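Chain and residue survey
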Amino acid sequence: MKQASLYLSVLLTAALLTACGPKVPPTPEGSGSSSSAPPNPGSSSSSEMPQSVPLTPYLVAVSEEFPYQLCGLMTLQGEPVTPEECYEISLACCYSDAMDPTYFPVWVMRKQGPGWPENQEFVALYAEDGSWNTDFIYHGCTSTPHGLFVGDEQNAFLLDPKTGQTLKAWSWEELQIDAPEDIPWITGDAYATAQWTGEQLYLGCFADGKNQMLDLETGQVSSLTDEEWIAIQDARFNSIPYWTCEIKNHTAELTREVGTEALKRTYTFEVPFDGDYSVDVEEQGGEARACFWNQERTSCALYTLEGEEIIPLQNGSLFFLGWNSSPERREYCLHSPEEQTASIYSWDGQQIFTLPQKDGDYVTLAGSLIQVTDYSTYANYYHPETGEKIASFSF
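Residues numbered from 1 in each chain as written. Predicted model: local features only at pLDDT ≥ 70, side-chain atom pairs only at ≥ 80, totals over all residues. Heavy atoms only, no water.

**Considering the overall build of the chain**
The line we're drawing: Comment: elements are numbered from the N terminus, with helices defined as DSSP H or I runs of at least four residues and strands as E runs of at least two. Burial classification: accessible surface area is computed with a 1.4 Å probe over protein chains only, and a residue below 20% of its type maximum counts as buried, one above 50% as exposed, and the rest as partly exposed. Every accessible area reported is derived by Shrake-Rupley at a probe size of 1.4 Å, with residue values counting cover from the shown protein chains alone.
Looking only at helices and strands, the chain features 2 helices and 29 strands. In the chain, which comprises 395 residues, the share counted as buried stands at 50%. For the chain, the accessible area works out to roughly 17900 Å², and carbon and sulfur atoms hold 48% of it.

**Focus on the environment of Leu-167**
Counting through the fold element by element, Leu-167 comes out in strand E10 (residues 166-171). Sequence-wise, Leu-167 and His-146 are 21 residues apart; in three dimensions their C-alpha atoms are separated by 9.2 Å.

**Describing the pairing of strand E12 (residues 201-205)**
Filter applied, for reference: DSSP-based pairing: two strands are paired if at least 2 bridges between them are found.
Burial runs high along E12: 4 of the 5 residues are buried. Sheet analysis places strand E11 (residues 195-196) next to E12, joined by 2 bridges and oriented antiparallel. Each bridged residue has a counterpart across the sheet, and for Gln-195 the counterpart in E12 is Tyr-202. Hairpin connection between E11 and E12: a loop of 4 residues separates the two successive antiparallel strands, and Gly-198 in this loop has a positive phi of roughly 105°.

**Some points on the pairing of strand E26 (residues 362-366)**
For a regular strand, the rule is simple: side chains alternate between the two faces of the sheet. For E26, a buried count of 4 out of 5 residues is recorded, marking the element as mostly surrounded by other parts of the structure. The sheet contact formed by E26 and strand E27 (residues 369-373) spans 5 bridges and is antiparallel. For Leu-365, the partnering residue across the bridge sits in E27 and is Ile-370. Here E26 folds back onto E27, and the loop between the two strands holds 2 residues, one of which, Gly-367, carries a positive phi near 65°.

**Overview of the side chain of His-139**
Our working rule: Think of a polar contact as two N or O atoms within 3.5 Å of one another; within protein, one of them needs to be a possible hydrogen donor and the other a possible acceptor, and neighboring residues in sequence only count if both atoms come from side chains. Throughout, a residue-residue contact means that at least one pair of heavy atoms, one from each residue, lies within 4.5 Å.
With respect to the element layout, His-139 can be found in the loop between strand E6 (121-127) and strand E7 (140-144). Owing to a relative accessible area of 1%, His-139 belongs among the buried residues under this scheme. In terms of polar contacts, His-139 uses its side chain to reach the backbone carbonyl oxygen of Glu-121, at 2.8 Å. Of note is the side chain of His-139, whose polar atom sits 3.0 Å from the side chain of Glu-153. Setting aside residues no more than four positions away along its own chain, His-139 makes contact with Gln-120, Glu-121, Phe-122, Val-123, Gly-151, Asp-152, Glu-153, Trp-185 and Ile-186.

**A few points about the pattern of salt bridges**
Note the following rule: Counted as salt bridges are all cases of a side-chain nitrogen of Lys or Arg within 4 Å of a carboxyl oxygen of Asp or Glu.
Applying the stated criterion across every chain, the model contains 11 salt bridges. Linking Lys-248 and Glu-246 is a salt bridge whose minimum nitrogen-to-oxygen distance equals 3.4 Å. Classification of Lys-248 as exposed rests on a relative accessible area of 53%. Between Lys-264 and Glu-257 there is a salt bridge, with the nearest N and O atoms lying 3.7 Å from each other. The exposure class of Lys-264 is partly exposed, given its relative accessible area of 33%.

**Things to note about the sheet that holds strand E29 (residues 389-394)**
Backbone hydrogen bonds hold the strands of a sheet together, and the pairing may be parallel or antiparallel. Test applied: The angle between two axes is taken between their N-to-C directions and runs from 0 to 180 degrees, where each axis is a line fitted to C-alpha atoms and a helix contributes only its stretch in contact.
Spatial strand order, E26-E27-E28-E29: 4 strands in an open sheet with antiparallel pairing. Single-partner strands in this sheet number two, and they are E26 and E29. With strand direction ignored, the average angle separating the axes of adjacent strands in the sheet is 20°. For strand E28 (residues 378-382) and E29, the ladder comprises 5 bridges, and the chain directions are antiparallel. Considered in E29, the bridge of Tyr-378 is made with Ser-394.

**Let's talk about a negative patch on the surface**
In plain terms, the rule: In this scheme, patches are assembled from residues that exceed 30% relative accessible area and form no salt bridge. Like charges are connected within 9 Å, while nonpolar side chains (Val, Leu, Ile, Met, Phe, Trp, Tyr) are connected within 5 Å. Charge convention: Lys and Arg are scored as positive, Asp and Glu as negative, and His as well as the terminal groups of each chain are ignored. All charge positions are set by atom: Lys at NZ, Arg at CZ, Asp at CG, Glu at CD.
The grouping of Glu-173, Glu-174, Asp-178, Glu-181 and Asp-182 at the surface amounts to a negative patch. Along the chain, the position of Glu-174 falls in the loop between E10 and helix H1 (184-187).

**So, the nonpolar core**
Here is the rule: We define a nonpolar core as any set of buried Ala, Val, Leu, Ile, Met, Phe, Trp, Tyr and Cys residues linked to one another through side-chain atoms lying within 4.5 Å.
Ranked by size, the top nonpolar core spans 33 residues in total, and within it Leu-125, Phe-149, Trp-172, Leu-175 and Leu-214 carry the most contacts. Every element with two or more residues in this core is listed here: strand E4 (88-95), strand E5 (101-112), E6, strand E8 (147-151), strand E9 (155-159), H1 and E12. The element contributing the most residues to this core is E9, with 4 residues. The residues contacting Leu-125, other than those within four sequence positions of it, are Val-106, Trp-107, Val-108, Met-109, Trp-132, Asn-133, Thr-134, Tyr-138, Cys-141, Leu-148, Val-150 and Leu-159. Counting 16 residues, the second-largest nonpolar core is a separate cluster that includes Ala-252, Phe-273, Val-279 and Ala-301.

**Remarks on the packing of aromatic side chains**
Here is the rule: Between 30 and 60 degrees the pair is tilted, below 30 it is stacked and above 60 it is edge-to-face, where a pair is any two Phe, Tyr or Trp rings, Trp via its six-membered ring, whose centres lie within 6.5 Å. Comment: the charge-over-ring label is applied if NZ (Lys) or CZ (Arg) is within 6 Å of the ring centre and within 35 degrees of the ring normal.
Overall, the coordinates contain 17 aromatic pairs when judged by the stated rule. Through successive ring pairs, a cluster of aromatic residues spans Phe-269, Phe-273, Tyr-277, Phe-292 and Tyr-303. For Lys-111, the ring lying beneath its charged end belongs to Phe-136, and the centroid distance is 5.1 Å. Here the basic side chain of Arg-297 rests over the ring of Trp-293, its NZ or CZ set 3.9 Å away from the ring centre.

**Comments concerning the environment of Asn-238**
Within the element layout of this structure, Asn-238 appears in helix H2 (residues 226-238). Apart from residues lying up to four places away in sequence, Asn-238 is in contact with Val-258 and Gly-259.

**Quick look at the sheet that holds E6**
Taken in spatial order, the 3 strands of this open sheet run E4-E5-E6, and their pairing is antiparallel. Each edge of the open sheet is held by one strand with a lone partner, namely E4 and E6. The mean inter-strand angle of the sheet, taken between neighbouring strand axes irrespective of direction, is 40°.

Encoded structure:
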């Protein structure tokens, strides 16, 4: 999903720091070359892990120290499947040059290792439908159109996101990385090692200041100078759409720009606000919505780019629920402090249902469910189409 925000409100990353997997991370095995048997998907406790059952994250514990929140996976009926021992879960995703996302039906689960954050983290994968999973045998995962690139201390693998099966395998030495113990995934010095560039995989900057690149189709390793690598990043950055806004009294002009003057498009709105106001633009599947609110964020309205009113002027604050935890969902949430409620609206402005939302509560998407939590004592989960309460956890 792609969001252009003109007024960068602090959007709670609540939903989020969730992830999980099997209880005991096994020690990675392998001979240090691609001739060693790569790990296959499975579970060390398969009797506890239902197969082909859709799963979604849940928050069930908080701490005064990092990771602050501990999370797991549960079924869409609210039955916990994994213990709450992870600090983050997110759907595997890679982005095009224009930042259009491609999602894979795999939860990437992260838990801290000993001595975190100085040492490495552990990563496990779990199919969104529960059909396959791995233990915590990896230290990183990067999504690409060719599959999921993962790595342990000795080897790197390309996995099929549909089945978890290994498509390709390399030793780090075969990728011309002579000291794999220095890879940021393994040392814990950086959150990400491999980066998808749109054509190849950037492995990092290693010997002689060369930037190592991997062609996932051919397996060929090449190197770039710093100038060449920076040029690739600049080109990708310049292809990202962004929005600007010019406000004159009750008229707002929104302009979408993508690097060149020829790609500019401007939209004009008559806004029902007095005084200062701001706007967010959310793009989804070739459509966009413009959300206007007053400076105090106590009233808001939602429009199409053609100026059609989707949600008329309302008291309260309006925000998009989609984000990357459930890319097929496109709801908005209207929080009314006076009524202590959260009204859920469809992308087309139809009110679906209303949930209780007290002061200090946050409404987010947790996978396929709507989460209402204060992040300190409880978390409730609701069906996104009916509003039925699915599960409730107290901390």
